[in-house]
Structures are given as structure tokens and as C-alpha cells.
Amino acid sequence: LDVLRRGAMSGNDITKQFEQAYAKWMGMELALAYPNGTEAIRAGLWACGVGAGDEVICASMTYWASCTSVLTLGAAVNFADIEADTLCIDPADIEHRIGPRTKAIVAVHYAGYPCAMDRIMAIARKHKVKVLEAVSHAHGALYKGKTLGTFGDIAAMSMMSGKSFAIGEGGMMVTNDRAIYERCVSYGFYERTGVASRWNAPDAQVTMKELKPFAGVPLGGYKHRLNQIASAVGLGQLKHYPKRMKEIQDAMNRFWDLL
């Protein structure tokens, strides 16, 4: 109601609160809210240096956004097989696909089940490629006691109404890498690169000198500001989500135990 009464739907103040709260909940340093998860993935891949002529390794079974975003950046998709018991990307089918043009691996935690992140990260670090975790199906899920989305260089997730963490329509990117974060800002957040507008103050976190010549112009030509009504819903959802998630988990475990 505060957002509506202030006419602040197109602002950033509530969204920044949501970003900070979500990053803290995940145990990450930086977060950016998006209109949807698809744009969060695209921006994340661009921030990892994916461009024309590059290759990105994706799972062979996934929602289209985790691979078509590669195509919109002018890169090619190299599909890896999935594990029969998890439906997630098979680490054993990744390494031989890495070549001189490989820039990133997209690890999709499919249907809420975690990818084998320790094996994937070992391969990625060995070959110096970035890892983007797609966490749209797995908000709050754990892998060996650690929250999904905290293993890779960057994570992106949808928050549309079909997801467990739903804000109506939206997405989120989280990372601990300030250079990646600031590249994401420069790609689609024109009002957060140093020039204040009628609606928004500049983002004080964005400090990279190379962004200054582009202040007020998004380098990607996209507009990634999230409607603040959705951000307000996200702040409310975050207060209740851990409890709701536990209730659902307890109920599911009861049925599995009985089966």
C-alpha cells in the first residue's frame, strides 16, 4: 500500500531493500532484482563475458530460458547429458565438452533437486570457466548443508507465480563478485549507473570507472527495473518463506516415509 500511495511503482528504494534482505537470507553479498528470471540469466551470462562466438554448456533437459539466453548473446549452446536419478546436468559429461571458446556452465537445479556442485565447480575452476546456477526450482534448497545459488560465480532465479518463492512476476541475481554485479547493473539498470533521475537516486555501490561514460544508458539496451509492488510482495514473502518451506518439506517427508 505504501508503494501505491506514494506512486513509487517505478522506483528503486523498496527494491533495494528486497535485494539486500534476499542476499542476506542466502548468505550472499550482492543481489539485483529483475522483471523475470529469464532476464536475470541473460544478464548474468553477459556479465560473465559470454558473447558472439562463445560457447556455454547447458543441461539437455531444462526450461528454455537457461539456454536460449545464450543464443540471444550470439553464443552457441553445447548440451550435456543429465543424470538419470536427479535429472540434473551430469558432471561426467561436462569436461570433454569444454573447448577454447567455452565461457560458462549453466547448472540448473531441476525440479528442486541440487546439481553435484562440488564436482561441477572443480571442473570449472580447472578450466577457468564461469558457473551460473539456475535456482528457479530450488529457492532455499540445500546441497550438503549449503544453500543452492551460493556455489557458482553467479546465480539467477525466477520468482513468478509458479515458483516456491513467488512475488507475482520477477527474478533475482545473487553473487559475491562485485565486478559481475556491476556489469549486471550496467547491462540493464540505466538509472543505477550514476545519474539520478526524477524517480531514482544513483546506486552508490556502482563504482567502476568504466561505467561513468555510460551513465544513464544501459550497455545491453535492456530495461531491468522490477515493479516495486512485486518487490514489496517479495519482502513480505521473505518473512514467511522459511516457515512455509519447512511445513511443505515436513509434509512431503511424511508421505515419502510412509511410501
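Please refer to the structure placed before this passage.
Residues numbered from 1 in each chain as written. Predicted model: local features only at pLDDT ≥ 70, side-chain atom pairs only at ≥ 80, totals over all residues. Heavy atoms only, no water.

### Description of the pattern of salt bridges
- Scanning all chains against the criterion turns up 13 salt bridges.
- Taking the shortest distance from any N to any O, the salt bridge between Lys-144 and Asp-118 comes out at 2.5 Å. Of this pair, Lys-144 sits in the loop between strand S6 (142-143) and strand S7 (146-147) while Asp-118 sits in helix H5 (residues 117-127); the two residues are 26 residues apart in sequence, bridging distant segments of the chain.
- Looking at Lys-144, the relative accessible area reads 67%, which means it is exposed.
- For Asp-118, a relative accessible area of 35% corresponds to the partly exposed category.
- Among the charged side chains, a network of salt bridges with common partners joins Asp-2, Arg-6 and Asp-13. (Salt bridge = Lys/Arg side-chain N within 4 Å of Asp/Glu carboxyl O. Helix = DSSP H or I, 4+ residues; strand = E, 2+ residues; numbered from the N terminus. Buried < 20%, exposed > 50% of the residue type's maximum accessible area, 1.4 Å probe, protein only.)

### What to know about the side chain of Thr-175
- Tracing the backbone shows Thr-175 in strand S9 (residues 171-175).
- In this structure Thr-175 comes out as buried when scored by relative accessible area, which is 0%.
- At a separation of 3.0 Å, a polar atom in the side chain of Thr-175 contacts the main-chain amide nitrogen of Asp-177.
- Setting aside anything within four residues of it in sequence, one finds Thr-175 in contact with Met-28, Glu-29, Leu-30, Asp-153, Ile-154, Ile-180 and Tyr-181. (Polar contact = N/O pair within 3.5 Å; in protein donor to acceptor, adjacent residues only side chain to side chain. Contact = heavy atoms within 4.5 Å.)

### A word on the state of the cysteines
- For the structure on display, the rule yields zero disulfides.
- A disulfide-free cysteine, Cys-67 has its sulfur positioned 5.6 Å from the sulfur of Cys-58, the nearest such atom.
- Judged by relative accessible area, Cys-67 falls into the buried class, the value being 11%.
- With no disulfide of its own, Cys-184 has Cys-48 as its nearest cysteine by sulfur position, at a separation of 7.5 Å. (Disulfide = S-S within 2.5 Å.)

### With respect to the sheet that holds S9
- Ordered in space as S1-S9-S8-S5-S4-S2-S3, the seven strands form an open sheet in which the pairing is mixed. Every interior strand has two partners, whereas the edge strands, strand S1 (30-34) and strand S3 (76-80), have only one. Strand-to-strand twist in this sheet, taken as the mean axis angle between neighbours without regard to direction, amounts to 20 degrees.
- Helix H3 (residues 37-47) contacts S1, strand S2 (55-59), strand S4 (102-108), strand S5 (130-134), strand S8 (154-158) and S9 of the sheet and is inclined by roughly 165 degrees relative to S8.
- Sitting on the sheet, helix H4 (residues 65-72) touches S2, S3 and S4, and the angle it makes with S3 is about 150 degrees. (Pairing = 2+ DSSP bridges. Axes fitted to C-alpha atoms, helices over the stretch in contact; angles between N-to-C directions.)

### Thoughts on the packing of H3 against H4
- Relative orientation of the contacting elements H3 and H4 amounts to 50 degrees, with a least axis distance of 9 Å. Considered as vectors, H3 and H4 are oriented oblique to each other. Seen along the crossing, H3 lies across H4 with a hand that is right-handed. Across the interface between the two elements, Thr-38, Ile-41, Arg-42 and Leu-45 from H3 touch Ala-65, Ser-66, Ser-69, Val-70 and Thr-72 from H4.
- The residue inventory of the contact of H3 with H4, partitioned by class, reads four nonpolar, four polar and one charged. (Parallel < 35°, antiparallel > 145°, perpendicular 65-115°, else oblique. Left-handed = near helix turned anticlockwise from the far one by under 90°. Nonpolar A, V, L, I, M, F, W, Y, C, P; charged D, E, K, R; others polar.)

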